[in-house]
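Each chain, letter by letter, is given below.
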Amino acid sequence: MPRTALIVIDMLNTYAHEDAEALVPSVRDALHGVTALLKRARASDSPVIYVNDNFGEWRSHHGEILRAALAGRHSDLVEPVAPDENSLFVVKARHSIFFETPLAYLLGQLGIERLVLCGQVTEQCVMYSALDAHIRHFDVVVPAEAVAHIDADFAEAALRMMRCNMSADICAVDDVVFDAPRARAERPER
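1. Remarks on the pairing of strand β2 (residues 48–53)
- Most of β2 sits out of view: six of its six residues are buried.
- The alternating pattern of β2 places Val 48, Tyr 50 and Asn 52 on one face and Ile 49, Val 51 and Asp 53 on the opposite face, and all of these are buried.
- With four bridges connecting them, strand β1 (residues 4–9) and β2 associate as parallel partners. Looking at the pairing, Ile 7 lines up with Ile 49 of β2.
- Running through helix α1 (residues 20–43), the crossover from β1 to the neighbouring parallel element β2 is right-handed.
- The sheet contact formed by β2 and strand β3 (residues 88–92) spans five bridges and is parallel.

Right, dumping it as structure tokens:
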């Protein structure tokens, strides 16, 4: 099986934006799927990479983004998915996880060929990220119950587009298989 990474998109969120109230119920629904994926990826020693919007705060880094999200109105949606000490972090400023970020380089250094995308927003950042992953020749997996949307109709259309136009595997969380844990001798030096 190709080496797999779990990509957690924009889950460190302050929910202080105009679409927040429409988004929050869907995030609550997706939270169980995201936490299940995090648990399984970590147990398999697969890389977990958070790619998160910086909300226009150009002096921010991942610790500040996490602190702001935990201090926000919906910290209960952030706490269960907070990065652990082994998580990797990439800051993005636009919709795609690849747009002007070092993510492609990082994935190449890790030998990643397959991406499991989870997080928010299905019809925006997840879809654009799936497209950019596809054109970079990554295998893309999107567990439908681990992505959150603002508009249910647009999200359903986005999932269909990812399946048909981007060859994404749209599946259930339980169908996602991560790499088997590697023995210590097989782990690359850091």
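2. Details of the pattern of salt bridges
- Inspection of the entire model under this criterion finds six salt bridges.
- The salt bridge involving Glu 21 is made with Arg 73; its shortest N-O contact spans 2.4 Å. Here Arg 73 lies in the loop between α2 (62–70) and β3 and Glu 21 lies in helix α1, a separation of 52 residues in the sequence. One exposure class covers both Glu 21 and Arg 73, and it is exposed.

3. Things to note about the packing of helix α4 (residues 122–135) against helix α5 (residues 152–166)
- One can describe the packing of α4 onto α5 by two numbers: an axis separation of 9 Å at closest approach and a directional angle of 5 degrees. Here α4 lies roughly parallel to α5, going by the angle between them. Residues Thr 122, Glu 123, Val 126, Met 127, Ala 130, Leu 131 and His 134 of α4 form the contact with α5, whose own contacting residues are Phe 154, Ala 155, Ala 158, Leu 159, Met 161, Met 162, Asn 165 and Met 166.
- Along the lines of polarity and charge, the residues of the contact of α4 with α5 split into 11 nonpolar, three polar and one charged.

4. Notes on the packing of aromatic side chains
- Going through the model one piece at a time under the given rule, you end up with one aromatic pair.
- Their ring planes at 25 degrees and their centres at 6.0 Å tell us that Phe 98 and Phe 138 sit as a pair that is stacked. A residue pair is termed long-range when its members are at least 10 positions apart, and Phe 98 in the loop between β3 and α3 (103–110) and Phe 138 in the loop between α4 and β5 (139–143) qualify at 40 residues.

Conventions adopted
- Residues numbered from 1 in each chain as written.
- Predicted model: local features only at pLDDT ≥ 70, side-chain atom pairs only at ≥ 80, totals over all residues.
- Heavy atoms only, no water.
- Buried < 20%, exposed > 50% of the residue type's maximum accessible area, 1.4 Å probe, protein only.
- Helix = DSSP H or I, 4+ residues; strand = E, 2+ residues; numbered from the N terminus.
- Pairing = 2+ DSSP bridges.
- Right-handed = clockwise from strand over helix to strand, strands pointing away.
- Salt bridge = Lys/Arg side-chain N within 4 Å of Asp/Glu carboxyl O.
- Axes fitted to C-alpha atoms, helices over the stretch in contact; angles between N-to-C directions.
- Parallel < 35°, antiparallel > 145°, perpendicular 65-115°, else oblique.
- Contact = heavy atoms within 4.5 Å.
- Nonpolar A, V, L, I, M, F, W, Y, C, P; charged D, E, K, R; others polar.
- Phe/Tyr/Trp six-rings, centres within 6.5 Å; stacked < 30°, edge-to-face > 60°.

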